Amino acid sequence: MTTITPYRSTARDPRDGFGQLLHAEWTKFRTVRGWVIGMILAVLVTAGLGVLIARTTVPSCSSQSSSGQQGPVQHGAACGQPSYTVGSGGVLVQDEFYFVRQPLAGNGSITVRVTSLTGLGSEQINGQPAGSLLVPWSKAGIVIKDGTSQGSAYAAMMVTGGNGVRLQWNYTGDTPGIPGAVSAASPRWLRLTRDGDMVTGYDSADGTHWTRVGSVALAGLPSTVQAGLFVTSPLYTTYSSSFGVGNGSSSSTEATGVFDHVSRTGTWPASAWTGDDVGAGNLGVAQVPGYHQVAGRFTVSGSGDIAPLIAGPLNHGPSITVRDFLLGTFAGLIAVAVVAAMFMTAEYRRGLIRTTLAASPDRGRVLAAKAIVIGAAAFAAGLAAAAGAVLIGTHVARSGGSDLFPEPWPTELRIIAGTAAVIAVAAVFTLAIATMVRRSATAILIVIVTIVIPFVLSAPPGIPASLTDWLMRITPAAAFALQQPAPQYYQVQANYMTSSGYFPLAPWGGFAVLCGWTALALILAVYLLRRRDA
Amino acid sequence: MSLPAAELSRARYGGRARYGREALHAEWTKLRTVASTGWLLLGAAVLTVAVSTAADAGATCLSTGCQADPAKLSLTGVQAGQAIVVIIAVLVVSNEYSTGMIRITLTAMPRRLTVLAAKAVLVAGLVLVAGAVAALESVLAGRLILPGPVLRAASGSVLYLVLIALLSLGIATAVRESAVAIGLVLGLLYVFPVVTSVAGNQHWQRHLEQIGPMTAGLYIQATANLGSLPLTPWQGLGVLALWAAGALIIGALIFRFRDA
């Protein structure tokens, strides 16, 4: 008896390769005219809305206020570009404080004891009378600074209203020292030592046992610097948001610090102290900034802040950021999601899925090929859309004189590439959902509810911050954190609501949430695709 | 010699009014026998009331004065419920295309405009009922007294939902594919509030709010500071009505002259 073995070629079928599968899916994608039009539409809508939004941020130069929002401070002229101080680190800064100073030639140190820090609120807070108000980041201490010009390099040791002793430098640097409040019963001793470009800060509770808080390098510090005592106190701000109403109010405060046991080493050529109201401080406080000196005891009052400016509405810094130009991303995302959903559901609608699976029986590989094709196409569309919105939008806003936050190029790159990545992964997410539910209407509904609506809710003021924070942590829309235009500084009290572009998760952390949801959807999709009849 | 289908059916049923009634009956049977219609209508009403109640609970009025408009606040849910209304209206048309049912429908009822009109009347009626229940519940949850401007805000919100449904129906008829229609309508609705939320230029902000179907239509909910609105409440609803009429006319023209 002979067994008949059917002929099997030992050569591998070239059409079996994953490359062939990718090519097949790419052909399906590019030959459906509606899908290509959908992708082009996504680019045009997102970039077009970006330019439109940029146009709407241009002040109208009428006699009326150009903004409907209640901003705390209107910088500059109504029609000109507001002027901001650029700090030594390249960021926009506020540099306003009362400075009791002497020049210090070469290396040396200054040591003081702080026995009191008190605060005073202005009369503007909710109509309440002026009174004792010590804000958490009011500051009193010693500083070594490049000069008295705003924005110059510095390092400072200070006691604060609610955050203990801090070493701060060049506007964004901050290191904590001894915690707790200062009082006559528990004074704080502070010391700054200059050695070349290095400035070292020390603190002590008793003046004998000293702790080194940190050393910072201030590049290019001149041989003669200004050193001395300083006091400043930032705006007191409150924000509220409920459905339909977003509000902020802020008013200036003033702090008064009491210093004694001032001792110095090194060469101090001047014979007396000079008082300087750097940046001219704020108005509206009952007391006038200044200092007086009685028998080695200095009482210094100041108002303002030494800190980075915070961008966004209701804040001190520029109110417009490139994130505003990208609010149209949601419309482009809808278009991409519609294409991604139909890329899968059309197979079921036309019965093409049976041909597809007959040609390539490994269903997981089919889904992988589809995901790569739609992801790559969506990334390309997203990149063009985001680059168009950001670059053209910036140009339009700049030339029109908008109050635009200057974006450092690495952040701008992260925002553009990040937006493309969000659109690409969201397209794969939609594809996986469409594979599970097989109906494009249901798939689009799920994507709109989980990504588009949370994003839309996060944009306007007047949605409770607790709701948007929660949505932006757990929904796939968390990935839009990649569009955060400016860092959040814990040492500056400001409006950090999601509607102003400050997301509850870190940029790549938020992206990981979307990737997690997408991975979960893909696993379920592969499981269902393998298990169900096509 | 055989008569054309249209004349045949006219001969059998006799009269235009009778034909319209039959079309309504046929569409009603189709709608009522699909399980999703009831669930979606219920979902639209429940979502509207739920979000409205959440908004009432979440509102905090400072002692210095409540800036929020209580009627508008109590009807916040309409902004969420409208998404489901969009889906109901889109599926009425696009489901027929995705299943191929449209060919049977048009064979039985060759007068296409009558078919579309019957669909529009039924969708409007269903949304009117669901919207009225939802708006009444929302206002009651907000403990507001109905007569006066609140009545206008509540009944106007119902009309708003009806117009949103008609706008969706028109767009769905034009594009046929459910996913594309839902994407287009929701994109059109949300794009104006998102863009105006950051518009620093008041001139642009007012004009964009005036022409946006959602922004202008929702003026009907305002009962406070009417003088500061770019349009009166009824003018705002009129803008949405123009959008809905435009979408229906374009949808009807395409439906009339395109192969099914």
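That block above? That's the structure.
Per-chain numbering applies: the sequence of each chain, read as written, is numbered from 1 onward. Each chain is given a letter, starting from A, and each ligand a number, starting from 1, according to the order in which they appear as written. Totals for whole chains, interfaces and linings use all residues, but because this is a predicted model, local features are given only for residues with pLDDT of at least 70 and pairs of side-chain atoms are given and counted only at 80 or more.

A. Highlighting the overall build of chain B. Across its full length, chain B carries twelve helices and zero strands. Overall, chain B shows an N-to-C arrangement of helices and strands of α-α-α-α-α-α-α-α-α-α-α-α. Each of the 260 residues in chain B was classed as buried or not, and the buried ones make up 47%. Of all intrachain contacts in chain B linking residues separated by at least 6 positions in sequence, the fraction that spans at least 24 positions is 75%. Only runs of H or I of at least four residues qualify as helices and only runs of E of at least two qualify as strands under DSSP, and these elements are numbered from the N terminus. With C-beta atoms placed from the backbone, the exposure class of a residue follows from how many other C-beta atoms lie within 10 Å of its own: 20 or more, buried; 12 or fewer, exposed; in between, partly exposed. We call two residues in contact when their backbone-placed C-beta atoms lie within 7 Å.

B. How the structure looks around the environment of G38 of chain B. Relative to the elements of secondary structure, G38 of chain B occurs in helix α3 (residues 35–58). For G38 of chain B, a count of 13 C-beta atoms within 10 Å corresponds to the partly exposed category.

C. Region of interest: unusual backbone geometry. In the Ramachandran plot, H261 of chain A falls in the positive-phi region, its phi being about 50° despite a non-glycine side chain. Positive phi, normally seen in glycine, also occurs at R438 of chain A, with a value near 65°.

D. Just the nonpolar core, in detail. Throughout this description, the term nonpolar core refers to a group of buried Ala, Val, Leu, Ile, Met, Phe, Trp, Tyr and Cys residues whose C-beta atoms join them within 7 Å. Counting residues in each nonpolar core, the largest one holds 242 residues, and the members touching the most others are V336 of chain A together with A165 of chain B. Delimitation of the domains relies on an automatic or database domain assignment. Here this core gathers at least three residues from each of two domains, domain 1 (29–57 + 319–531) and domain 2 (85–308) of chain A.

E. The arrangement of the sheet that holds strand β1 (residues 85–86) of chain A in detail. Residue and element names in this part refer to chain A. Strand pairing follows a simple DSSP-based rule, namely that at least 2 bridges must link the two strands. Pairing in this open sheet of three strands is antiparallel, and the strands run β1-β2-β18 from one edge to the other. Sheet topology places β1 and β18 (306–308) at the edges, where each strand pairs with a single neighbour. Bridge count between strand β2 (residues 92–95) and β18: three bridges; the pairing is antiparallel. Its bridge partner lying in β18, D95 is registered against I306.

F. Representation of helix α5 (residues 78–99) of chain B within the structure. Residues and elements named next belong to chain B. Look at α5: 31 Å from first C-alpha to last across 22 residues, which is about the 32 Å you get at 1.5 Å a residue. Note that bend, as reported per residue, equals the angle between axes fitted to the 7 residues terminating at that residue and the 7 residues originating from it. Remark: the principal bend of α5, roughly 40°, maps to L91. Across the 22 residues that make up α5, a large majority, 18, are buried. Each residue after the first adds 1.5 Å to the expected span of a helix.

G. Looking closely at the packing of α5 of chain B against helix α7 (residues 112–141) of chain B. All names here are of chain B. The axes are straight lines fitted to the C-alpha atoms, using for helices just the contacting stretch, and the angles between their N-to-C directions are given from 0 to 180°. Where α5 contacts α7, the two axes come as close as 11 Å, and the packing angle between them is 160°. In this view, α5 runs roughly antiparallel relative to α7, as classed from their interaxial angle. α5 and α7 meet at a crossing whose hand is right-handed. Only K119, V123, V127 and A134 of α7 make contact with α5, whose side of the interface consists of G81, V85, I88, A89, V92 and V93. Should an angle lie under 35 degrees it is considered roughly parallel, over 145 roughly antiparallel, and from 65 to 115 roughly perpendicular; all remaining angles are considered oblique. Crossings are classed by handedness, with left-handed meaning an anticlockwise turn of the near helix from the far one by less than a right angle and right-handed meaning a clockwise turn.

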